[in-house]
Amino acid sequence: MSLPQSFISKKKLILSKLAVPTDEYDDLSPKGSVDEGIRELIDEINSLEGCVTTSSCAGRVSVFLEGKKNSDDGVKPQIQDETDMDGIPDVRAEKTAGFGGKGGGGKWLYVSHDAIEDEALSRRENEGTLCELLGMRVDDGGSVISLPKSDERGLRHIHFKFEPMILHVLTASLEQAQKVLSAALQAGFRESGALNLISTTSEPATPMLGIRCMGLTLESLVGVYHETFDQGVCLVDNGQLSTLMRISNERFKENTKRIERFRVLLNEAMNPVEKRKVGENGEDWEDPQARKERKRAEGLRRAQEMKEAKARSGISENQDSAELLVDSAPVDYNET
């Protein structure tokens, strides 16, 4: 298969970065490296001639503090850069969070790509320290209530999230993209899709696939944060946090099953093995003409075997008759 030069260049660059030792590798994710849970899957995909992964997450449970939002009057807050070299204040709009809370100083308070062990979770439940594990403090009953009305607009929400695997795969052709997408959909990643299906250059299209499953996603508001607080305040009790963690553990298991199904289906799609045809009785299927010839040969062989058996039987009968005649000859008792 002839690969587009643009694809070859991108894959070479990506693989060179992934070849860096784990302790030296760094990317834009909170963890900064490829997740161990899908490292084998990533290596298998990148070993395929017409595929390369561009970004990935094995699945994670996280607690996220959303960023600052625009004020109600629609005017973005201004910040002044006092280090401007020409002495003129550099006034620019401060970045604010989008609708989902990202940007504007949003950050992860807790991130894990693995389920928390039952023993550790039970211990945290008994100690009542799940709130601290997730990067918040217990509400003392007055933190939020004591805020003046004018400060309530500065409250930022804290989200508990479970997100299943998400994977982006660049492919060298529509045919390759179809195989990867089909495997993903069959494995349960039903919100998967493809972009760049039509080329805008002289080179063939190199579709980008997004492999994802929103059905396993879980999200809940669990706390708030304000600049006057020393840290995020948890608004739900320990039991509710425990329930969210246990649901996340169950979804980690299902996520792992779907990842494994995707691996198997993708391998079958990329390395097809000719399936054995089976007849009505479970035997190997054969061409009608070949079956006719086989049956004829078997019939001739049986006929020959019967003929030979009959011949051997005739010889045996003659020998028995001769022996019987000898045994029945009269004995002369006068001989001495």
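In the block above lies the structure referred to throughout.
All of these numbers come straight from a predicted model, not from anything done at the bench.

Undergrad: So what's going on with the packing of helix H2 (residues 39–47) against helix H6 (residues 238–270)? Which residues, and what values?
TA: Packing of H2 against H6 brings their axes to within 11 Å, and their N-to-C directions diverge by 20 degrees. Looking at the two axes, H2 sits roughly parallel to H6. Of the two possible hands of crossing, H2 and H6 adopt the one that is left-handed. On the side of H2, the interface is formed by Glu40, Leu41, Glu44 and Ile45, while H6 contributes Ile259, Phe262, Arg263 and Leu266. Tallied by class, residues from the contact of H2 with H6 come to 5 nonpolar, no polar and 3 charged.

Undergrad: Could you give me a rundown of the sheet that holds strand S1 (residues 51–57), with the residues and numbers involved?
TA: Each strand in a sheet pairs with its neighbour through backbone hydrogen bonds, running either in the same direction (parallel) or in the opposite one (antiparallel). Strand order in the open sheet formed by 4 strands is S1-S8-S10-S9, and the pairing between neighbours is antiparallel. Either end of the sheet is taken by a strand with one partner, and the two such strands are S1 and strand S9 (193–195). If you compare each strand with its neighbour and ignore which way they point, the axes differ by 20 degrees on average. Across 6 bridges, the pairing between S1 and strand S8 (residues 166–171) is antiparallel. Residue pairing for S8: Ser56 is matched across the bridge by Leu167. In the packing of helix H5 (residues 174–187) onto the sheet, the strands contacted are S1, S8, S9 and strand S10 (208–211), and the crossing angle to S10 comes to about 5 degrees.

Undergrad: I'd like to hear about the pairing of S8, residue by residue, with values.
TA: For S8 and S10, the ladder comprises 4 bridges, and the chain directions are antiparallel. Each bridged residue has a counterpart across the sheet, and for His168 the counterpart in S10 is Gly210.

Undergrad: Describe helix H1 (residues 5–18), listing the residues and the values that go with them.
TA: Look at H1: 20 Å from first C-alpha to last across 14 residues, which is about the 20 Å you get at 1.5 Å a residue. Of all the positions in H1, only Phe7, Lys11, Ile14 and Leu18 are classed as buried. Angular distribution of buried residues about the axis of H1 spans 65 degrees; they occupy a single face of the element. Packing partners of the buried residues in H1 comprise H2, S1 and S8.

Undergrad: I'd like a description of the pairing of S10, backed by residues and values.
TA: Where S9 lies against S10, 3 bridges are found, and the strand directions are antiparallel. Paired with Gly193 across the bridge in S10 is Gly210.

Undergrad: Can you tell me about the side chain of Arg263, naming the residues and giving the values?
TA: Assignment of secondary structure puts Arg263 in helix H6. For Arg263, a relative accessible area of 18% translates into the label buried. Setting aside its immediate chain neighbours within four residues, Arg263 contacts Glu40, Leu41 and Glu44.

Definitions and limits used
Residues numbered from 1 in each chain as written. Predicted model: local features only at pLDDT ≥ 70, side-chain atom pairs only at ≥ 80, totals over all residues. Heavy atoms only, no water. Axes fitted to C-alpha atoms, helices over the stretch in contact; angles between N-to-C directions. Helix = DSSP H or I, 4+ residues; strand = E, 2+ residues; numbered from the N terminus. Parallel < 35°, antiparallel > 145°, perpendicular 65-115°, else oblique. Left-handed = near helix turned anticlockwise from the far one by under 90°. Contact = heavy atoms within 4.5 Å. Nonpolar A, V, L, I, M, F, W, Y, C, P; charged D, E, K, R; others polar. Pairing = 2+ DSSP bridges. Expected span 1.5 Å × (residues − 1). Buried < 20%, exposed > 50% of the residue type's maximum accessible area, 1.4 Å probe, protein only. Arc of directions from axis to C-beta.

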